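Chain residues, written in single-letter form:
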Amino acid sequence: MSVIGTAFRRERVPVPVWAVVAGLLAAATAAAVPQAFGDASERRTLVELITATPSLLAIRGVPDGTDEGAYAFFEVFTYVGLVAGLMSVFLVTRQTRQDEDLGRTELLLATPVHRRTPVVVAGWVSGAANVLLGVLVALGFLAGGLPADGSALAGTAATCVGLAYTGIAVVVAQVAPTARATNAIGVGVVAVTYLLRAAGDAVGTRSADRLTVVSAWPSWLSPIGWGQHVFPFTRQDLVPLVPCLVVAVVGVVAALVVGGRRDLGASLLRERPGRAGGRMRTSLGLAWRLHRTTVIAWAVGGAVLGAFAGGLGTTAIDTIGDDPSVTKLLETLVPGGRGALLDEFVAAVVGITSILAAAAGIGALNRAAEDDREGRSELLLATPVGRVRRLAEWLGVGVGAAVLVAVATGAVGGLCFVATGSGTDRFWSTVAAGLAQLPAALVLVAFAAVLGVVLPRAAGWLVWVALGLALVLGQFGGLLRVPDWARQISPFTHTPGVPAAHIDWSGAWWLVATAVLLGAVALVLARRQEVSP
């Protein structure tokens, strides 16, 4: 089998999963819009509300009229872009830097192949994966009853967004020292560009007919922002796809140049070896040291999200307050005036913290399961450290990571509000908003601990599937007409809305109790766990 054939074989499971998720999102949204908002006048009222609400623009993107296809594209495309970006980053990392870490690339280069081959293979495989994702997205929109030309263009936009992130990822793989660092930097780029898109859309200029928004300049620094401005079911503008292709081509060419000259295993960013004489005396200290860089990276991401909420919230609300028609509409739909609208913006943006906190904690438990699979745990368990203690310590690191992300988001967001003159009340309400996202994240962290014990070989991807499913049920459950009992499965459904005039904390306490129960189950099961099943 050829090198590229082997690469395609390795991706035969993860790539279809990512692509099918994107396609199902498109199909379900396209099918749900006519049922939920079938009347044109009803959609017009809704779109007018959306264009006047910065929190919705930040989370969803910018709408473009009341057409069913345009509304479906608005509802789902930013999430499809995230899926394409994350798929591309993880795929490129597996095919490049991870193979170097595991010694596979050294074996490959011992054969008659060029040293640029890994980059070429990663580019081809990622390109094919994004084409598959785009085709399934197009088929999803088409299956939902939307026009064929618009569906095809929506799929093309999704493919081009993924290709742009492919170009970024292959460069990061040459710069970062390890696969873990490559994934961290790549995911960080995806997150930052998503926030740039969110910032540009939230402070954009509302059109005269109140049915669309002209995005501000930050949105044009993001591949997801470029993709959404294609507006495939209305304007059908192909020009925004040009920057996506330029980034993809420039990134691959740059990676080929660097890859042809870089020593195997070398990188622009180098890992610090640390002090020769450390003070580490406990296994908990070892767990923290192994995962601290990743935890800090997630915490920085939470801080950036908090800065976005605190720094942009007041500006976004003041921008729409200059329009009397918008002010009148918001007074009707959002009682409480400017303060209530600002509360809604903070709750919507800071709500993403639960995903970041869950991902930070899940990463710690996955690291523990990875140590089990690769035999590193056996060395630790040969000391007086038992299975239960080891899992408890990693669970503690995961919980600590989630708490740190939530606190960083709330504290930085509150400080930004204080800096803009909003007062200490807004500081504490923003901190509470960050902490309110913690219980849902803890449930998923504890669930990851259970999976790591019961299904250690599959836990690495099953827990991310669980996080994605919880996100879909929580974000799209209402639109997709998911039964109420199914929506209740998602911990994100029970997160209290903070800040708000009246807050119901009962759901949060139930989530905390569920997390404690799952954590206890994991520790009990760990007593009988095999080291290398």
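Higher on the page you've got the structure.
Worth saying up front: this structure is predicted, and the values here are computed from it rather than measured.

A. Just the packing of aromatic side chains, in detail. This structure, assessed with the given rule, holds five aromatic pairs. Relative to Phe233, the ring of Phe141 lies with its centre 5.7 Å away and its plane at 70 degrees, an arrangement referred to as edge-to-face. Highlighted residues: Phe141 in helix H8 (residues 117–143) and Phe233 in the loop between helix H11 (223–228) and helix H12 (241–261), separated in sequence by 92 residues. Judged by its relative accessible area of 2%, Phe141 falls in the buried class. Here Phe427 and Trp428 contribute two aromatic rings whose centre-to-centre distance is 4.9 Å and whose plane-to-plane angle is 80 degrees, an arrangement assigned as edge-to-face.

B. Inspection of the layout of surface pockets at higher detail. Taken as a whole, the second largest pocket holds about 280 Å³ of empty space. Val443, Leu444, Ile489, Ser490 and Pro491 are the residues nearest the centre of the second largest pocket, which is lined by 15 residues in total. Residue composition of the lining of the second largest pocket, grouped by class: 11 nonpolar, four polar and no charged.

C. Expanded view of the nonpolar core. One finds Val80, Leu133, Val137 and Phe141 to be the most contacted residues of the largest nonpolar core, which totals 59 residues. Broken down by element, this core gets its largest block of residues, 14 residues, from helix H5 (residues 68–95). Leave out the neighbours within four places in its chain, and Val137 touches Ala22, Gly23, Ala26, Val80, Ala154, Gly155 and Ala158. Phe308, Ala448, Leu451 and Val463 belong to the second largest nonpolar core, which has 55 residues in total.

D. Spatial organisation of empty space enclosed by the protein. With the rule as written, the count across this model stands at five cavities of 30 Å³ or more. Put simply, the largest cavity is a space of about 120 Å³. Around the largest cavity, the lining is made up of 13 residues, and of these Glu100, Arg115, Pro118, Gly259 and Arg262 lie nearest the centre. When residues of the lining of the largest cavity are traced back to their parent elements, those giving at least two are helix H7 (104–109) and H8. Grouping the constituent residues of the lining of the largest cavity by class yields four nonpolar, four polar and five charged.

E. Quick peek at helix H20 (residues 438–454). For H20, with 17 residues, the first-to-last C-alpha span of 25 Å sits near the 24 Å given by 1.5 Å per residue. Extensive coverage of H20 is indicated by the burial of 15 of its 17 residues.

F. Representation of the pattern of salt bridges within the structure. Within this structure, the stated rule accounts for nine salt bridges. Across the salt bridge formed by Glu75 and Arg60, the nearest N and O atoms sit 3.4 Å from each other. Of this pair, Glu75 sits in helix H5 while Arg60 sits in helix H4 (residues 54–60); the two residues are 15 residues apart in sequence, bridging distant segments of the chain. Overall, Glu75 belongs to the buried group, its relative accessible area being 7%. A relative accessible area of 13% means that Arg60 is categorised as buried. Across the salt bridge formed by Asp64 and Arg235, the nearest N and O atoms sit 2.8 Å from each other. Taken together, the residues Asp64 in the loop between H4 and H5 and Arg235 in the loop between H11 and H12 connect sequence positions 171 residues apart. One connected set of salt bridges, linked through shared partners, spans Arg10, Asp99 and Arg104.

Reading guide: rules and limits
Numbering of residues begins from 1 in every chain and follows the order in which that chain's sequence is written. Where local features are concerned, this predicted model is filtered to residues with pLDDT of at least 70; where side-chain atom pairs are given and counted, the filter is 80 or more; whole-chain, interface and lining totals use all residues. The side-chain numbers reported here are obtained from all heavy atoms of the structure, hydrogens and water having been left aside. Two aromatic rings, drawn from Phe, Tyr or Trp (for Trp, its six-membered ring), form a pair once their centres lie within 6.5 Å of each other, and the interplanar angle then sorts them: stacked below 30 degrees, edge-to-face above 60, tilted otherwise. A helix here means a DSSP run of H or I that spans at least four residues, while a strand means a run of E at least two residues long, and both kinds are numbered starting from the N terminus. For every residue, the accessible area (1.4 Å probe, protein chains only) is compared with the maximum for its type, and the residue is labelled buried under 20%, exposed over 50%, or partly exposed between those bounds. Grid spacing is 1 Å over the protein atoms alone, the probe is 1.4 Å, and a cavity is where that probe fits but cannot get out, while a pocket is an open set with protein on both sides within 12 Å along at least five of seven lines and lining residues have an atom within 4 Å of a point. Grid points are joined across faces, edges and corners, and a volume is the space filled by probe spheres set on the points. In the scheme used here, Gly and all other residues not listed as nonpolar or charged are polar, with Ala, Val, Leu, Ile, Met, Phe, Trp, Tyr, Cys and Pro taken as nonpolar and Asp, Glu, Lys and Arg as charged. By nonpolar core we mean a set of buried residues, namely Ala, Val, Leu, Ile, Met, Phe, Trp, Tyr and Cys, connected to one another through side-chain atoms within 4.5 Å. We call two residues in contact when some of their heavy atoms are within 4.5 Å. Here, expected helix span is obtained from the residue count minus one, scaled by 1.5 Å. Only one rule defines a salt bridge in this text: a Lys or Arg side-chain nitrogen within 4 Å of an Asp or Glu carboxyl oxygen.

The quantities given are spatial measurements derived from coordinates; they are silent on function.
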